[in-house]
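# Remarks on the overall topology
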Amino acid sequence: MLSSIITAVGAMAALGIALSIVLGLAAKVFYVYVDPRIEAINDALPGANCGGCGYAGCNDYAEAIINSNVSPNLCVAGGSDVTENVCSIIGVSAELGERKVARIFCQGDNVRAVRNFEYTGAQDCRAAIAATGGDKACSYGCVGLATCVRVCPFDALSMNENGLPVVNEMLCTGCGNCVEVCPRDLPRLIPISQKVANLCSSQDAGKTVKQVCSVGCIACGQCQKNCPESAAYMVGRLAYVDPDKCTGQLVCIEKCPTGSMAVLHPEAQQAEPEAAEAEHAAQ
Amino acid sequence: MGDYLLMMVTAIFANNVLLIRFLGLCPFVGVSSNLSSSFGMSGAALFVCVLASAITWNVYHFLLVPLQLEYLRTVSFILVIASLVQLVEIVMQKTAPALYRALGIYLPLITTNCMIFGVAVLNIQEEHSFLDTVIYAFAAALGFCLALIILGGIRERFALGRVPTMMQGFPAALITAGIMALCFYGFIGLGQ
């Protein structure tokens with residue numbers, strides 16, 4: 001009885017020891033050097049695997065930083081903190097790009113834009129446009145079926161009561177998923193410090209725009225004529241604002257006859273300048 | 001020769017490990033969501049299954065039988081298979097980095113795959129010779145690959161089809177697996 005127990009224990013122990021010796025030897029003989037910095041960077045990255053950096057996931061990006069000398073400031077989800085941590089791991093000084101957030105370049109909600117019909121098909125902007133061209137009379141405007149809201153991995157987008165997506169700039173990381181998915185290319189990534197923008201994407205002539213929407217850009221050019229910093233400019237039938245030149249004097253807002261030129265995040269205007277300056281100083 | 005052919009056909013179709021014996025079902029549903037992961041898992045399973053069966057056969061016949069420790073078969077086989085997967089991983093990372101990256105997570109997953117263990121035990125139960133063991137393990141693993149790749153292909157088509165919301169994902173996969181198992185049941189008449 002006792003001897004069979006001893007045999008069993010002995011045999012299993014021998015088997016275990018033999019296998020562990022083989023494994024130990026193999027680990028020595030077939031040792032592969034893996035840069036420990038890859039692991040460290042992987043820990044420093046947020047692990048959201050959002051793809052905002054252009055790589056398949058955080059691990060791929062960590063390998064690319066070490067092996068292919070890719071710039072360490074590409075992580076949009078983590079922001080400046082992550083960039084600094086990654087930079088300290090690989091031993092270069094931080095080069096911070098300004099944080100970008102998504103903005104919806106359309107103000108034509110269910111109240112302000114003319115709707116041609118009631119759409120009751122598949123609740124997806126892409127499907128609605130493929131099937132019917134969208135329910136709004138404006139062929140450049142937001143369809144309002146919240147495809148961008150569903151695709152946002154950070155819950156930064158929500159629909160307001162009038163059926164238009166709203167970006168929460170505190171949560172938005174600028175990963176660009178909404179930009180990619182929107183069939184009308186309405187979300188665009190702009191610097192968070194940009195104060196004014198022409199929130200319209202319509203390339204229609206002024207008359208058509210007026211017929212279909214009360215807040216569309218009618219290409220009157222008043223903003224371009226009156227901007228003291230010549231930050232507003234026209235391309236085709238749309239006005240744009242150059243964020244590098246704009247100083248936020250808001251002349252264009254006063255002159256804009258339709259209100260398509262809009263102040264961005266007005267509630268954050270008071271708190272923002274200090275944060276923006278601090279960020280500027282860090283650069 | 002004819003015997004081996006019959007044994008292979010039986011192991012691949014009539015006694016398919018996945019669909020008739022119901023061994024290794026976790027990867028069958030888990031990693032069959034697209035074709036590339038099916039291929040990765042299949043390759044890793046095929047490789048480890050043959051190697052593990054060959055080694056466990058030797059462990060059984062040259063260690064357990066002489067010591068009259070046949071009842072420790074399960075414990076010792078799991079020990080051997082787990083260390084074997086580790087060893088393969090270490091060796092492969094050094095000698096074939098491309099293959100190592102391609103197999104990725106599927107290699108460690110095989111440590112706990114009941115198909116590998118099941119085939120090793122079946123070889124002992126059927127009292128196969130060493131050559132029989134290797135051929136049987138290869139054929140059984142081939143059957144595993146076949147079923148996994150077929151399901152991977154079908155599930156890839158599901159992504160494009162209009163599947164009702166309540167049936168999306170696992171429900172549809174499980175029903176597909178059930179129908180596939182029924183189809184493979186038809187092969188049982190093959191040997192007669």
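Bear in mind that the values here come from a model prediction, so they are computed numbers and not experimental data.

Below, the discussion takes up the overall build of chain A. Helix and strand counts for chain A stand at 11 helices and eight strands. Across the 283 residues in chain A, those meeting the buried criterion constitute 31%. Put simply, 58% of the contacts in chain A that link residues at least 6 apart link residues at least 24 apart.

So, on to the overall build of chain B. Of the regular secondary structure elements, chain B holds nine helices and zero strands. Reading chain B from its N end, one meets helices and strands in the order α-α-α-α-α-α-α-α-α. Taking all 192 residues of chain B together, 35% fall into the buried category. Summarising the internal contacts of chain B: among those between residues at least 6 apart in sequence, 80% fall at separations of at least 24.

This next bit is on the confidence of the model for chain A. Across chain A, the average pLDDT comes to 83, with 92% of residues at 70 or higher. Under a pLDDT of 50 for its full length, residues 268-277 of chain A has, in the predicted model, one contact with residues more than four places off or in other chains.

The next thing to look at is unusual backbone geometry. For residues that are not glycine, phi is negative in most cases, and the peptide bond is trans in most cases. Positive phi, normally seen in glycine, also occurs at A:Ser230, with a value near 45°. Tracing the chain through its elements places A:Ser230 in the loop between α9 (222-226) and β6 (232-235). Look at B:Phe22: it is not a glycine, yet its phi comes out positive at around 55°. Among the secondary structure elements, B:Phe22 is positioned in the loop between α1 (2-14) and α2 (25-30).

Bringing the interface of chain B and chain A into the picture now. Between chain B and chain A, the residue contacts involve 15 residues of the former and 13 residues of the latter. A per-element tally of the side of chain B that touches chain A places helix α4 (residues 73-95) of chain B first, with 11 residues. When its residues are assigned to classes, the side of chain B that touches chain A shows 10 nonpolar, four polar and one charged.

All names here are of chain A. Looking at the secondary structure, you find proline 187 in strand β4 (residues 187-191). Sequence separation between proline 187 and alanine 102 is 85 residues; the distance between their C-alpha atoms is 5.8 Å. Each residue touching proline 187, except ones within four places of it in the same chain, is listed here: Ala102, Arg103, Ile104, Cys148, Cys178, Val179 and Cys182.

This next bit is on helix α7 (residues 114-125) of chain B. Residue and element names in this part refer to chain B. Compared with the 16 Å implied by 1.5 Å per residue over 12 residues, the 16 Å span of α7 between its first and last C-alpha is a close match. Taken together, the buried positions of α7 are occupied by Met115, Ile116, Phe117, Val119, Ala120, Leu122 and Asn123. Those residues of α7 that are buried lie in contact with α3 (35-64), α4 and α8 (130-158). Two residues or fewer after α7 comes glutamate 127, characterised by a positive phi angle close to 55°.

All names here are of chain A. Listed in full, the buried residues belonging to helix α3 (residues 58-67) are Cys58, Tyr61, Ala62, Ala64 and Ile65. Taken end-on, α3 shows its buried residues confined to a sector of 160°, consistent with a single buried face. Those residues of α3 that are buried lie in contact with α2 (36-44) and α4 (79-90). Of the residues one or two after α3, asparagine 69 is the one with positive phi, at around 55°.

All names here are of chain A. If you trace the backbone, alanine 127 turns up in helix α5 (residues 125-132). Since 16 C-beta atoms lie within 10 Å of it, alanine 127 is described here as partly exposed. Between the C-alpha atom of alanine 127 and that of threonine 147, which follows or precedes it by 20 residues, the distance is 9.9 Å. Aside from chain neighbours lying at most four places away, what touches alanine 127 is Gly121 and Ala122.

Here we come to the pairing of β6(A). All names here are of chain A. Judged from the four bridges that link them, β6 and strand β7 (residues 238-241) form a sheet pairing that is antiparallel. Bridge assignment links alanine 232 to a residue of β7, and that residue is valine 241. Hairpin geometry of β6 and β7 is characterised by an intervening segment of two residues between the two adjacent antiparallel strands and by a positive phi of about 65° at glycine 236.

On to the packing of α7(B) against α8(B). Residue and element names in this part refer to chain B. Between α7 and α8, whose axes approach to 10 Å, the crossing angle comes to 145°. In this structure, α7 meets α8 at a crossing whose hand is right-handed. Contacts from Met115, Val119 and Asn123 of α7 reach α8 at Thr133, Tyr136, Ala137, Ala140 and Phe144. Grouping the amino acids of the contact of α7 with α8 by side-chain chemistry returns six nonpolar, two polar and no charged.

As a further point, take the confidence of the model for chain B. Residue and element names in this part refer to chain B. For chain B, the mean per-residue pLDDT works out to 86, and 97% of the residues sit at or above 70. When pLDDT is averaged over each element of chain B, α8 comes out on top at 92 and helix α5 (residues 97-103) at the bottom at 72. For this predicted complex, the interface confidence reaches an ipTM of 0.75, while the overall pTM sits at 0.56.

We now examine the packing of α2(A) against α3(A). A packed helix pair is summarised by two numbers, namely the angle formed by the two axes and the spacing between the axes. Residues and elements named next belong to chain A. For the pair α2 and α3, interaxial distance at closest approach is 9 Å and the crossing angle is 135°. On the basis of their axis angle, the class for α2 and α3 is oblique. For the crossing formed where α2 meets α3, the hand is right-handed. Counting all contacts with α2, which are made through Arg37, Ile38, Ile41 and Asn42, the residues of α3 involved are Cys58, Asn59, Ala62, Glu63, Ile65 and Ile66. Partitioned by chemical class, the residues of the contact of α2 with α3 number six nonpolar, two polar and two charged.

Cut-offs and rules
Residues numbered from 1 in each chain as written. Chains lettered and ligands numbered in written order. Predicted model: local features only at pLDDT ≥ 70, side-chain atom pairs only at ≥ 80, totals over all residues. Helix = DSSP H or I, 4+ residues; strand = E, 2+ residues; numbered from the N terminus. Buried ≥ 20, exposed ≤ 12 C-beta atoms within 10 Å, placed from the backbone. Contact = placed C-beta atoms within 7 Å. pLDDT = per-residue confidence, 0-100. Nonpolar A, V, L, I, M, F, W, Y, C, P; charged D, E, K, R; others polar. Expected span 1.5 Å × (residues − 1). Arc of directions from axis to C-beta. Pairing = 2+ DSSP bridges. Axes fitted to C-alpha atoms, helices over the stretch in contact; angles between N-to-C directions. Left-handed = near helix turned anticlockwise from the far one by under 90°. Parallel < 35°, antiparallel > 145°, perpendicular 65-115°, else oblique.

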